Amino acid sequence: MILVTGGAGFIGANFVLDWLSVCNEPVLNVDKLTYAGNLATLKSLQGSEKHIFARVDICDRAALDSLLAEHKPRAVVHFAAESHVDRSIDGPADFVQTNVVGTFTLLEAVRAYWGALPVAEKSAFRMLAVSTDEVFGSLGPQDPQFSETTPYAPNSPYSATKAASDHLVRAYHHTYGLPTLTTNCSNNYGPYHFPEKLIPLMITNALAGKTLPIYGDGQNVRDWLYVTDHCSAIRQVLERGTPGETYNVGGWNEKTNLEVVHTLCDLLDELKPKAEGSYRDQMTFIKDRPGHDRRYAIDARKLERELGWRPAETFETGLKKTVQWYLDNQPWVNDVTSGEYRKWVGQHYA
Ligand code: NAD
Ligand code: DAU
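Conventions adopted
- Residues numbered from 1 in each chain as written.
- Chains lettered and ligands numbered in written order.
- Predicted model: local features only at pLDDT ≥ 70, side-chain atom pairs only at ≥ 80, totals over all residues.
- Heavy atoms only, no water.
- Salt bridge = Lys/Arg side-chain N within 4 Å of Asp/Glu carboxyl O.
- Helix = DSSP H or I, 4+ residues; strand = E, 2+ residues; numbered from the N terminus.
- Buried < 20%, exposed > 50% of the residue type's maximum accessible area, 1.4 Å probe, protein only.
- 1 Å grid on protein atoms, 1.4 Å probe; cavity = no way out; pocket = protein on both sides within 12 Å on 5 of 7 lines; lining within 4 Å.
- Points joined across faces, edges and corners; volume = space filled by probe spheres on them.
- Near = heavy atom within 4 Å.
- Polar contact = N/O pair within 3.5 Å; in protein donor to acceptor, adjacent residues only side chain to side chain.
- Areas by Shrake-Rupley, 256 points an atom, 1.4 Å probe, with all protein chains shown as cover.
- Nonpolar A, V, L, I, M, F, W, Y, C, P; charged D, E, K, R; others polar.
- UniProt positions renumbered as here; feature names shortened; annotations may be inferred.
- Pairing = 2+ DSSP bridges.
- Axes fitted to C-alpha atoms, helices over the stretch in contact; angles between N-to-C directions.
- Contact = heavy atoms within 4.5 Å.
- Phe/Tyr/Trp six-rings, centres within 6.5 Å; stacked < 30°, edge-to-face > 60°.
- Lys NZ or Arg CZ within 6 Å of the ring centre and 35° of its normal.

## Considering the pattern of salt bridges
Pairs can form between side chains of opposite charge once their charged atoms are near each other.
Part 1: Tallying each qualifying case throughout the model produces 17 salt bridges.
Part 2: Note that E25 and R74 form a salt bridge whose closest N and O atoms lie 2.7 Å from each other. Taken together, the residues span a long stretch of sequence, with E25 in the loop between α1 (10-22) and β2 (27-31) and R74 in the loop between α2 (61-71) and β4 (75-78) at a distance of 49 residues.
Part 3: Taking relative accessible area as the criterion, E25 reaches 19% and is therefore assigned buried.
Part 4: Look at R74 and you get partly exposed, because its relative accessible area is 32%.
Part 5: The residue E239 makes a salt bridge to R74 at a minimum N-O spacing of 3.1 Å. With E239 in helix α8 (residues 227-240) and R74 in the loop between α2 and β4, the pair connects residues that are 165 residues apart, well separated along the chain.

## Focus: empty space enclosed by the protein
Part 1: Under the defined criterion, the tally for this structure stands at 1 cavity of 30 Å³ or more.
Part 2: Volume-wise, the largest cavity comes out at about 50 Å³.
Part 3: In terms of lining, the largest cavity is formed by H78, F79, A80, A81, N99, T103, A129, V130, S131, K162, S165 and D166.
Part 4: Among the secondary structure elements, those contributing two or more residues to the lining of the largest cavity are α4 (93-115), β5 (126-132) and α6 (157-176).

## Digging into the site of ligand 1
Part 1: Inspection of the region around ligand 1 gives 28 residues, with I11, D31, S83, Y158 and K162 positioned closest.
Part 2: A distance of 2.6 Å separates an oxygen atom of ligand 1 from a polar atom in the side chain of S83.
Part 3: Contact between ligand 1 and K162: an oxygen atom at 2.7 Å from a side-chain N or O atom of the residue.
Part 4: In isolation ligand 1 offers 840 Å² of accessible surface; the protein chains occlude 96% of this area.
Part 5: Secondary-structure elements contributing two or more residues to the shell around ligand 1 are α1, β5 and α6.
Part 6: For the shell around ligand 1, the leading source of residues is β5, giving 3 residues.
Part 7: Residues of the shell around ligand 1, tallied by class, amount to 13 nonpolar, 11 polar and 4 charged.

## Some thoughts on the site of ligand 2
Part 1: Taken together, 23 residues sit near ligand 2, with D133, Y158, N187, R289 and H292 positioned nearest.
Part 2: The backbone of S83 places a nitrogen or oxygen atom 2.7 Å from an oxygen atom of ligand 2.
Part 3: Taking 690 Å² as the accessible area of ligand 2 by itself, protein coverage stands at 94%.
Part 4: Here the shell around ligand 2 takes 3 residues from strand β8 (residues 212-215), the largest share from any one element.
Part 5: Its residues assigned to classes, the shell around ligand 2 comprises 9 nonpolar, 8 polar and 6 charged.

## Here we look at the UniProt feature "domain: NAD(P)-binding" (unreviewed entry) in the chain
Part 1: In this numbering, the UniProt entry assigns the feature "domain: NAD(P)-binding" (unreviewed entry) to residues 3-322.
Part 2: With 42% helix and 16% strand, the stretch residues 3-322 has end C-alpha atoms that lie 28 Å from each other.

## Side note on the sheet that holds strand β11 (residues 246-249)
Part 1: With parallel pairing, the 7 strands of this open sheet are ordered in space as β3-β2-β1-β4-β5-β6-β11. Edge positions in the sheet fall to β3 (51-55) and β11, since each of these pairs with one other strand and no more. Here the average twist between neighbouring strands, direction ignored, is 20°.
Part 2: Most of the contacts of α6 go to β5, to which it runs at about 155°, and overall it touches β5 and β6 (180-185).
Part 3: Together, β4, β5, β6 and β11 form the strand contacts of α8, whose direction differs from that of β5 by roughly 145°.

## Side note on the environment of C185
Part 1: Turning to its location among the elements, C185 is positioned in strand β6.
Part 2: Here the alpha-carbon distance between C185 and A312, two residues 127 residues apart in the chain, equals 15 Å.
Part 3: Apart from residues no more than four positions distant in its own chain, C185 is found in contact with S131, T132, D133, L225, H230 and V249.

## Observations regarding the packing of aromatic side chains
Part 1: Scanning the model with the defined rule gives 16 aromatic pairs in all.
Part 2: Taking 5.8 Å as the distance between ring centres and 65° as the angle between the ring planes, the aromatic pair formed by Y189 and F315 counts as edge-to-face. Of the two residues, Y189 sits in strand β7 (residues 188-189) while F315 sits in helix α11 (residues 315-328), which places them 126 residues apart along the sequence.
Part 3: Its relative accessible area of 0% is what places Y189 among the buried residues.
Part 4: Residues W325 and W332 carry aromatic rings whose centres are separated by 5.5 Å and whose planes lie at 70° to one another, so their mutual orientation is edge-to-face.
Part 5: The buried category is assigned to W325, whose relative accessible area is 14%.
Part 6: Members of the aromatic cluster, connected to one another through ring pairs, are F136, F146, Y152 and Y296.
Part 7: In this structure, K122 is placed above the aromatic ring of W114, and the distance from its NZ or CZ to the ring centre is 4.7 Å.
Part 8: The ring of Y247 carries K302 above its face, with NZ or CZ at 4.6 Å from the centroid.

Take a look at the structure:
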């Protein structure tokens, strides 16, 4: 089996669903269930022997040790993190705790477990750390895209803690020989995205008749990737990547925030027209995010050259699917926004 951390979050849950739809290997899902973790996303796996869930904090060494000893995974895929830049600006402490101390604790537990494995299992073992393009800092309009050799220059508390996490992973490979892999991915979007991030926030606000808040001049650029394309890239790197290497993952879809919001409004106008006017009428420009990175863009050619990966979705096909998913899954959105699912977690684990 494989152990996945953060498998109740946006990308982790998509990864678990995707993994179990393409292979039979069971998943041990280790998640603390913070505000961002939602077991409703994994409802379709209820009763499945292939999905074992453990509500555990990755900072809890004893709990990690006993899960590793009991389930003996052949690989670890590490998604668990505090992931929202705005929250990291308001309160960085949780980010240091989970993204730095948590990764360190996980690495220590995995190092001890891996070190005691028989030779064949030891050499086949892999630990993949899921990271971000934000560790590379911000690009100017004419700069080349981030490659695997771009120096780290994180600008937010979030990206600084992800960079620290990546450095620890790198050091555990270099120093102890732990067979690690790191992926640095651009902005994901798709189903089950928590509505604090740009795309799901705009869709849910638009449908609720609320304003669509655009930071600054709306000209910041992100490189968008449909979440299942990220999942397929992680699967490829896990199976065929070279230990110690890093792989950039991106969608070749650079868009300004204004372009993204315009496209979302146009899709909603087509799929769920308002009685009067356009969703664009709800757009409003607000104060910029402090230290707001201007442009991210990923050069994903190494992944294509070495492992044959390319994204399957274009921005247009992926965004249309996403908008349709939110229209079709309002109960999921309502649970999240009303805090219903958090109440359920509190009762269930009381
Ligand atoms: P998310 O915030 O939606 O989910 C994070 C998950 O981690 C949640 O289920 C949460 O409960 C869990 N978690 C948080 N702290 C934990 C702890 N201490 N112990 C155990 N579980 C804990 O995040 P996401 O958007 O799915 O991102 C997943 C990973 O991918 C992160 O490492 C993030 O840095 C990285 N990433 C995200 C994007 C993106 O666009 N969302 C892009 C590139 C990389
Ligand atoms: O690049 C990968 C990163 O993408 C991941 O590592 C992060 O975990 C993920 O949250 C995301 O970070 P961003 O800061 O790029 O994503 P966010 O959705 O928060 O914002 C995208 C852009 O939209 C950014 O330029 C800020 C802007 N924005 C965001 C919000 C929430 C707005 O203009 N208005 C908003 O209300």
